[in-house]
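# Reading the structure
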Amino acid sequence: MNTIMKHLQSHKGVSDWKINKTRHESYELFFVKGALETVRNTDNTDREVTVYADHGDFRGHAQFFVYPSTTEEELDKLIDGAAEQARLIDNPPYTLVEGESAAYAVPTDFDTWDASDLAAEIANTVFASNTLAVTSLNAVEIFINRITETVANSRGLQKKQVRWTAMVEAIPTATENGESVELYEQVNFSALDLPSLAREIADKLAQAKARHDAKRMTITGSPRVILNSQELMELCWNFAYDLNFASVYTHQNVYHKGDVLQSAPQGDRLGITMAASLPGCADSRCFDWDGLTLRERRIIDGGAAVGYYGANRFAQYLGEEPSGSLPILKLDPGTAEEAELTAGPYLEVVSMSGIQTDFYSDYVGGEIRLAYWHDGNEIRPVTGVSISGKLSDVLNRIRFSKECALYGNYYGPRKAVIEGMNIF
């Protein structure tokens, strides 16, 4: 990095610069039909350079990568090309994050383990989770990652953070009567919670069997619909994207600070906080790609938009205090008990092709790949149905569970019940 800095500092066409260096060390296991096929260690480093060029009343930027094979002569040519590209971009001026120097370790218990022992413990848990006679794990891949991120810029910034993550990729399969159904599962985490991992894999194996058994059926009326963590995560992140500084500045947002999302709430009030880190969440960070220290930000409170969040550049354009690119969404828990969620006829969504929301047309819905139909007496897996409704009505009547769960970069109610949906 010192060589790159020296060349950037001496280049007359460069007004500012930033270097992001990411070292990714991993220990990897690959299983096929339960047998360990490959063990691999990797150690890769990426260096991305961002060049800023001021011209007239504007500031532009461009990026390039530097590799171990890049010579100093090639580096100068890369800087020349990036500076020329940056001068073609007419963005309003903004300043880089200045003067901070710090080193962080994102909290985890992975750093107390030997990577091979940790991977073996995870593998044993994954395979022990299969308790159904007709299901199997056709392929499993386990990655233990140590990620070291360094950012430096021309304004005296120098930061480093070390993060640990684990990823499990699996192909749960159900086979009966000569027919097989395969699903894909990916679990990312940064703390060793073996019971949660076992539950996640077991649930996916059960879903593979349910997908095998699922039938198309007609559901009459408008019974309650139960959403699980994945759909709640996708729904809430739509609001988060809308309240990002970048969306607001480019006029791609619908909601603004002060807008009420729940005009006549009859259920639980919506509350969303954007966060930097959370125990066990693989997306946890201390600072973002610009080197800005991340600051938690409340964006929805009591069913109303109360704030924006986002990166340094767009915060400056809006005259707001930057929070940084916060990676985690926390949804407030609700008031619904388990007994309320499971009473009466309802359709529990297990897997969708993606929940769709359209703020302009006040729509929410999507195609269901797998759901469980509870008619009050028995539970049947169903497929090939869709749901649709008015987003405003759903928000006014939604009830969230008291019980919370971590799912990817979402932490919040494990379930929610919505009413008034069309099922077809």
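Residues numbered from 1 in each chain as written. Predicted model: local features only at pLDDT ≥ 70, side-chain atom pairs only at ≥ 80, totals over all residues. Heavy atoms only, no water.

## Comments concerning the layout of surface pockets
By volume, the largest pocket amounts to about 1,400 Å³. What lines the largest pocket is a set of 45 residues, and nearest its centre among them are Glu185, Glu200, Ser229, Leu406 and Tyr407. Elements that contribute at least two residues to the lining of the largest pocket include exactly β8 (185-189), α4 (194-213), α5 (229-242), β14 (346-352), β16 (363-374) and β20 (404-407). Broken down by element, the residue count for the lining of the largest pocket peaks at 9 residues, all from α4. Across the lining of the largest pocket, the residue classes tally to 19 nonpolar, 12 polar and 14 charged. Here the second largest pocket defines a volume of roughly 230 Å³. Considering the residues around the second largest pocket, the lining is formed by 16 residues, among which Lys18, Tyr52, Tyr94, Asp290 and Arg313 are closest to the centre. Broken down by class, the residue content of the lining of the second largest pocket amounts to 7 nonpolar, 5 polar and 4 charged. (1 Å grid on protein atoms, 1.4 Å probe; cavity = no way out; pocket = protein on both sides within 12 Å on 5 of 7 lines; lining within 4 Å. Points joined across faces, edges and corners; volume = space filled by probe spheres on them. Helix = DSSP H or I, 4+ residues; strand = E, 2+ residues; numbered from the N terminus. Nonpolar A, V, L, I, M, F, W, Y, C, P; charged D, E, K, R; others polar.)

## Looking at the environment of asparagine 153
Considering the arrangement of structural elements, one finds asparagine 153 in strand β5 (residues 135-153). Along the backbone, asparagine 153 and tyrosine 363 are 210 residues apart, and their C-alpha atoms lie at a distance of 44 Å. Only 2.8 Å separates the side chain of asparagine 153 from the backbone oxygen of valine 97, close enough to count as a polar contact. A polar contact is formed between the side chain of asparagine 153 and the backbone nitrogen of arginine 155, at a distance of 2.8 Å. (Polar contact = N/O pair within 3.5 Å; in protein donor to acceptor, adjacent residues only side chain to side chain.)

## Observations concerning unusual backbone geometry
Among all residues except glycine, the phi angle is most often negative; among peptide bonds, the trans geometry is most common. One non-glycine residue, lysine 33, adopts positive backbone phi at about 50°. Mapped onto the elements, lysine 33 comes out in the loop between β1 (16-32) and β2 (35-55). In this model, asparagine 177 sits at a positive phi of 55°, which is unusual for a non-glycine residue. Tracing the backbone shows asparagine 177 in the loop between β6 (158-176) and β7 (179-182). On the basis of relative accessibility, which here comes to 77%, the residue asparagine 177 falls in the exposed class. (Buried < 20%, exposed > 50% of the residue type's maximum accessible area, 1.4 Å probe, protein only.)

## Notes on the pattern of salt bridges
Following the criterion strictly, the structure yields 28 salt bridges and no others. Across the salt bridge formed by aspartate 290 and lysine 18, the nearest N and O atoms sit 4.0 Å from each other. Of this pair, aspartate 290 sits in the loop between β10 (272-275) and β11 (297-301) while lysine 18 sits in strand β1, and the two are 272 residues apart along the sequence. Note on aspartate 290: relative accessible area 21%, which makes it partly exposed. Take lysine 18: its relative accessible area is 3%, and that puts it in the buried class. Among the salt bridges present, the one from glutamate 378 reaches arginine 380, with a minimum N-O distance of 3.9 Å. On the accessibility criterion, glutamate 378 (44% relative accessible area) is partly exposed. Each of Asp16, Asp54, Arg59, Glu98 and Arg155 takes part in one network of salt bridges that share partners. (Salt bridge = Lys/Arg side-chain N within 4 Å of Asp/Glu carboxyl O.)

## Quick word on the state of the cysteines
Here a disulfide denotes a covalent bond joining the sulfur atom of one cysteine to the sulfur atom of another. A complete count under the given rule lists 0 disulfides for this structure. Here cysteine 286 is not disulfide-linked; the sulfur of cysteine 281 is the nearest cysteine sulfur, at 13 Å. (Disulfide = S-S within 2.5 Å.)

## Things to note about the packing of helix α3 (residues 115-128) against α4
Two numbers describe how α3 lies on α4: the axes approach to 8 Å, and their chain directions differ by 40°. Between α3 and α4, the interaxial angle falls into the category oblique. Regarding α3 and α4, the two cross each other, and that crossing is right-handed. Where α3 approaches α4, its residues Glu121, Ile122, Thr125 and Val126 are matched on the opposing element by Leu194, Leu197, Ala198 and Ile201. For the contact of α3 with α4, the residue count by class is 6 nonpolar, 1 polar and 1 charged. (Axes fitted to C-alpha atoms, helices over the stretch in contact; angles between N-to-C directions. Parallel < 35°, antiparallel > 145°, perpendicular 65-115°, else oblique. Left-handed = near helix turned anticlockwise from the far one by under 90°. Contact = heavy atoms within 4.5 Å.)

## Quick word on the sheet that holds strand β12 (residues 304-305)
Across the sheet, 6 strands lie side by side as β12-β11-β10-β13-β21-β20; this open sheet has mixed pairing. In the strand order of this sheet, the two ends are held by β12 and β20, each with one partner. Note: β10 against strand β13 (residues 328-331), 4 bridges, orientation antiparallel. Counted as the bridge partner of methionine 274 is leucine 329 from β13. (Pairing = 2+ DSSP bridges.)

## A word on empty space enclosed by the protein
Per the stated rule, a full pass over the model turns up 1 cavity of 30 Å³ or more. Of the pockets and cavities examined, the largest cavity occupies roughly 40 Å³. Every residue lining the largest cavity is listed: Val106, Pro107, Thr108, Arg163, Trp164, Thr165, Ser190, Cys281, Ala282 and Ser284. Looking at side-chain class alone, the lining of the largest cavity contains 5 nonpolar, 4 polar and 1 charged residues.

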